[in-house]
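Examination of the molecular architecture
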Amino acid sequence: LIAFLPVLILRKNYRKLLPYLPVILIGKKTLVGYSLENPAAYRLPKIKKGVINTSFSDKKMPANEDLLRKFDIIYAKDYRLATDLRLLAAFLFGK
């Protein structure tokens with residue numbers, strides 16, 4: 001996250017992320033979290049609430065609960081750091 005600081009300063013979306021930086025660094029939140037409010041209802045692994053959610057990169061699709069649940073299940077089942085970085089890039093650069 002520290003490595004992304006110069007990028008954050010250059011992008012307008014950094015303003016949305018910067019207030020959360022201390023909270024992320026002390027471990028109260030994660031950078032990426034589930035889209036659903038109650039992931040335990042779907043028996044997903046417990047993670048802290050995220051600043052960016054798993055459905056962020058698909059703005060074109062309507063957000064219904066079934067779709068959000070599918071995003072969360074895929075994220076939990078096949079977690080990779082690259083997924084978090086892709087979601088962060090989508091958040092920062094609007095891709």
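Everything in this summary refers to the structure shown in the same document. If you're wondering where the values come from, they're calculated on a predicted model, not measured in any experiment. (Residues numbered from 1 in each chain as written. Predicted model: local features only at pLDDT ≥ 70, side-chain atom pairs only at ≥ 80, totals over all residues. Heavy atoms only, no water.)

This paragraph deals with helix 5 (residues 81-93). Between its terminal C-alpha atoms helix 5 stretches 18 Å, which fits the 18 Å expected from 13 residues at 1.5 Å a residue. Of all the residues in helix 5, the buried ones are Thr-83, Asp-84, Leu-87, Leu-88, Ala-90, Phe-91 and Leu-92. (Helix = DSSP H or I, 4+ residues; strand = E, 2+ residues; numbered from the N terminus. Expected span 1.5 Å × (residues − 1). Buried < 20%, exposed > 50% of the residue type's maximum accessible area, 1.4 Å probe, protein only.)

Time to look at helix 4 (residues 65-77). Taking 1.5 Å of rise per residue, 13 residues should cover 18 Å, and helix 4 covers 18 Å from first to last C-alpha, within 8% of that figure. Every buried residue of helix 4 is listed here: Leu-67, Leu-68, Phe-71, Asp-72 and Tyr-75. Here the buried residues of helix 4 occupy an arc of 135° about the axis, which is enough to place them on one side. Across helix 4 from its buried face, at more than 90 degrees, point the exposed residues Lys-70, Ile-74 and Lys-77. (Arc of directions from axis to C-beta.)

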